[in-house]
Structures are given as structure tokens and as C-alpha cells.
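What follows is each chain in one-letter form.
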Amino acid sequence: MRLRQAFRLTAVLATATFGLSVPVVAGPVATAAVPRVEQHVQEQARTAVGGAPAQLRAGADPRTAVLQPGERVQVLGVSESSLLNSGGHYGLGVWARFSTLPGAVPPFAVSAVTSTAIGTTTDSVVHNVVTAGGRVFMVDRSMSDGRWSSWGEVTSAGAAGPLPGVPEEIAVTAMGRKLHVLALVGGDVYQATGDWSAGTWSGWGDVSAAAGLPVVTRIAAAATGNSLHVAGLGLDDGVHVADGDYDRGTWSVGEPAPVVGLPSAEPIGELSAAAIGGTLHVVAVAGERLYQASRDYAAGSWVGWSDLTSATGALGPVDRVSAVAIGNKLHLYALVRRWIYNATGDYDRGAWTGWGNVTAAVDAPGLGDLAVAAA
């Protein structure tokens, strides 16, 4: 599939002010080479399970501090009755408390939300995406002033258009000022691109057909350079990766499963992905443990599954996982019994922290879903 030309964004812009005027066939398990970041982890873990991340700056207002440039994240959470936002700033050592999305009343019932995703374009706008009632909606936050847009519908006729079925899961990743939205429908993956420089949306392209991706039940996405990588969990319980090269305008599928095998005898339940430089990191939950495999696209090689839980400590059953890359660090966010925990792998120091209790730090309500992005 050639990467598709885009349609105009006019209809979505009428309802969502994006200018923000409103406040792989499974083989045998491979011998997993341990990534450099995991060496000496046990000795260097800094934060025990259950400990709250420190609020380091006395007197700082977290609501404004988390908007300052630097190592920061934004979190989209879903409780029983609300869509919630929080943010963390690693450089300043602060977290903002969770609050409902201000000035952004969703055109759907929160109880109808089935999947969430989040991504940040280079104009420092955080795009919060949800599925509800078989449609895909988005609301934006500007990190320059903290303001929120209104909700817009990605699946409207004036934007990407309707999907060929009900989306079971979504994933997003940003490349420059373009946001790539991926939707899993009936085992197939579809992709639409919002280009904020051109003010256009593409229609939905069939990634599965273009790349030769098998039927998948989970999806995750990340980008390296001008390439989009879609990780999917196949019916064989192997992870398969489709690569969209936007310089060449082509899709292909890589088959890491024969190389990296399966992470454990337990089936994979959750999947996430993030990229550090030219390396794609795939994080999977199997049983009550987290595993990681990575592909270096410059070297053209995979590093097999490693057991992250042995580095970070055990949490119990993980309901959601979100991997976020900031600089040369990989931040993991896990939702366990409706509480949020965070652990960080520092690839410069070669160390992982243990799990910090974000929920305790920000006095968050119990969450049923979350998505996290570097901001």
C-alpha cells in the first residue's frame, strides 16, 4: 500500500479547536540477551514497590510545574465516571493531581469508552484519543499554556472517515507534526494520519493487507525517524511487527517471533511499544511479569525477551502497561488493581528503578484504563 494522500480536516476543526482557544510464527523461546540497562539493577533500584515518587520542589505548584519544558509526561486516565488528566515532570520531581479534563465535555458517555491512546506532536500538543460507541474521538492539550481543545471525531466524514467496523483497540504515535492513529478492527489494523502542518487527515489504510500482518488481538505503535512500527499480538501468541517506511512509501512485515520466541509459557495479555533513537522496544505482560524485546533498526537485529520484573520487582497482575521513551530512558507505567505504578530504565546508567506508586503520590482515584505519553 502506498502511503495515502490526505483529506481536509475541515469538519473536525469545526468541532475541535486544535489551535486550542478553549481553556511474529512462534518458535522456541530464544535465549534472551540481557539488555545493558538491566545490569546491576537489583543493587541500584531506588524506589521500592508501594513507595510514592518524591515531590522534590517544596512550594512549586505542580499544576504549572508539569508544563515546564524538560522530562515530562502526560497521563490520560479513565475512572468509572470521568476522563482524567495528570502530568509528571521528572526534572523538577513533581506530579500534578488527577483532575477531570477542564472545558472538554465529551460527546459520549465515559462508560462507553473501550480503549485509550495518547501521543505528542512536535508542536508540544498532546493528543488524547479514545474509542466510544464504535467511533474514535480526540481532545488536545497544549503544553505551552495548558489549555484544552474541544472534542473532535476522527471517524467523522470530514476527517479520516468511518472505520469498516467497531474498533476493539487503538494506538497512536507521533512523527513530527503528524499523528498516526491505529485501530484494530476484526483482527486487522487500520491507520489514519492527521497532518497538523497541512491541516489534513488521510483516510483509513489497511496496514494488515499492505504489510502482510497476520490476524492480531492487541496492538501497540512507535516511530523511529520517518518510519512507523506497529506491533501486533498474533493468534500464535507471537509478536509481529509491521514497518511503514514513509520515505519509500511502502509497508513491510518483520517476523521477530522466530528470532525472539515467546517471553514465557504464559500467554501475552498486554502489549506496549516505545522507541529510543533507532531502537524499538516492545513490552509485553505475560502472567504477572513484564518482558521486553527490542529491535535496532540501524543494526537490523533483535534482542530477545528479557524479564523486566526481575529488575523492577513484582507488582502482581498487570491490567494495563504503557511504555514511554524520554531521551535515553524507558519509563514503564503499569495499572495494577486500579492503581498506577512507574519504573524507569536508564540506558546511560545501565539501571532500572523499582516501582514507584504514582497513585499514592497524586491521590488518584481508581482507574480502569490509562495511556501515557512523553510531553
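Structure first, text after, so check above.
Rules used in this analysis
Throughout this document, residue positions are counted from 1 along each chain, in the order its sequence is written. pLDDT decides what is reported in this predicted model: residues at 70 or higher carry local features, side-chain atom pairs at 80 or more are listed and counted, and totals for whole chains, interfaces and linings draw on all residues regardless. For side-chain calculations, the full set of non-hydrogen atoms in the structure is used, while hydrogens and water are omitted. Should DSSP find at least two bridges between two strands, the strands are regarded as paired. Under the scheme used here, helices are H or I runs from DSSP no shorter than 4 residues and strands are E runs no shorter than 2 residues, and both carry numbers assigned from the N terminus. With axes taken as lines fitted to C-alpha atoms, and helix axes fitted only over the stretch in contact, angles between N-to-C directions fall between 0 and 180 degrees. Relative accessibility decides the category of a residue: with a 1.4 Å probe and only protein chains considered, values under 20% of the type maximum give buried, values over 50% give exposed, and everything between is partly exposed. What makes two residues a contact is simply this: any of their non-hydrogen atoms within 4.5 Å.

Strands sit in the order β6-β7-β8-β9 across an open sheet of four strands; the sheet is antiparallel. Across the chains shown, the open sheet's two edge strands, defined by having one partner strand only, are β6 (113-121) and β9 (152-153). Here β6 pairs with strand β7 (residues 125-132) via eight bridges, running antiparallel. Across the sheet, residue Ile118 finds its bridge partner in β7, namely Asn128.

If you trace the four strands from one edge of the open sheet to the other, you get β15-β16-β17-β18, paired in antiparallel fashion. Two strands bound the open sheet, and with one partner strand each, they are β15 (216-224) and β18 (250-254). Strand-to-strand twist in this sheet, taken as the mean axis angle between neighbours without regard to direction, amounts to 20 degrees. Where β15 lies against strand β16 (residues 227-234), eight bridges are found, and the strand directions are antiparallel. Of the residues in β16, the one forming a bridge with Ala221 is Val230.

With that out of the way, let us pick up unusual backbone geometry. In the Ramachandran plot, Asp237 falls in the positive-phi region, its phi being about 70 degrees despite a non-glycine side chain. Structurally, the position occupied by Asp237 is in the loop between β16 and β17 (239-245). Since its relative accessible area comes to 17%, Asp237 is described here as buried. With phi around 55 degrees, Asp363 is a residue other than glycine that occupies positive phi space.

A few words now on the pairing of strand β19 (residues 268-276). Counting buried residues along β19, eight of its nine residues qualify, which places the element largely inside the surrounding structure. Bridge count between β19 and strand β20 (residues 279-286): eight bridges; the pairing is antiparallel. If you follow Ile276 over to β20, its bridge partner there is Thr279.

Before going further, it helps to spend a moment on the side chain of Glu169. Mapping Glu169 onto the fold places it in strand β10 (residues 169-175). Here Glu169 is in contact with Ser115, Leu182, Ala183, Leu184, Thr217, Arg218 and Ile219, once residues within four sequence places are set aside.

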